[in-house]
Structures are given as C-alpha cells and as structure tokens.
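Analysis of the macromolecular model
Given next are the chains, with one letter for each unit.
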Amino acid sequence: MTRVVVDGVPVLLCNVDGEIYAVEDVCTHDGGALDGGELDGCRIMCPRHGAFFDVTTGKALTLPAVSPLPVYPVTIDGDDISINVD
Ligand code: FES
C-alpha cells in the first residue's frame, strides 16, 4: 500500500494480486487513515476501530463502518500511475 495525495485528496493505492486499486484514505466510520492498517488480499482493516473494507469495490464489510469508501479509477502507463479523483 502507498498513500498519496491527489488534488488535495488522500488516496490509498493498493496492490491486489498485481492489480492497482485506489480508494480514499479516510475511513467512513470516523475519519481514520487506513494506510496504517493491514491489507490482506482485497481486504483492509482500519487501524482505529477494526472495520474492514474491500479496496476493489470500496464496500464496507464489517461494522462499525457502514458506508463505502470512494473508489477512484486508475490508469497505468509504463511506470506512471494516474488517479482520477474527480
Ligand atoms: S475510524 Fe475506521 S473503524 Fe472507526
């Protein structure tokens, strides 16, 4: 995982089996940063209260989070990664 900021938006880039996914790096439960959590396959656990999210869809998988994470389109061109946060 890598945290980047794109146009002022904190974004967490996640490598899931060689595919790169981008989600907002702000937990929808209470605003915690997710980049200190653990990524296991496509699941990330928020380090604050333990909610799990699927980084490929943004879906909240467990309480206390119920709302999905914003997911951003990723384009890869050679070594360049573009993230559209609009
Ligand atoms: S801030 Fe992420 S689970 Fe509470």
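Residues numbered from 1 in each chain as written. Predicted model: local features only at pLDDT ≥ 70, side-chain atom pairs only at ≥ 80, totals over all residues. Heavy atoms only, no water.

1. A look at the side chain of Asp 54
- Along the chain, Asp 54 turns up in strand E6 (residues 52-54).
- Those residues in contact with Asp 54 that sit more than four places away from it in its chain are Cys 42, Lys 59 and Leu 61. (Helix = DSSP H or I, 4+ residues; strand = E, 2+ residues; numbered from the N terminus. Contact = heavy atoms within 4.5 Å.)

2. Structural notes on the nonpolar core
- In terms of nonpolar packing, the biggest core is built from 14 residues, with Leu 12, Leu 34, Ile 44, Phe 53 and Val 55 touching the most fellow members.
- Top contributing element to this core by residue count: strand E2 (residues 9-16), with three residues.
- Those residues in contact with Leu 34 that sit more than four places away from it in its chain are Leu 12, Glu 24, Asp 25, Val 26, Cys 27, Ile 44, Cys 46, Pro 47, Phe 53 and Leu 69.
- Listed in part, the eight residues of the second largest apolar core include Val 6, Val 9, Ile 83 and Val 85. (Core = buried A, V, L, I, M, F, W, Y, C linked by side-chain atoms within 4.5 Å. Buried < 20%, exposed > 50% of the residue type's maximum accessible area, 1.4 Å probe, protein only.)

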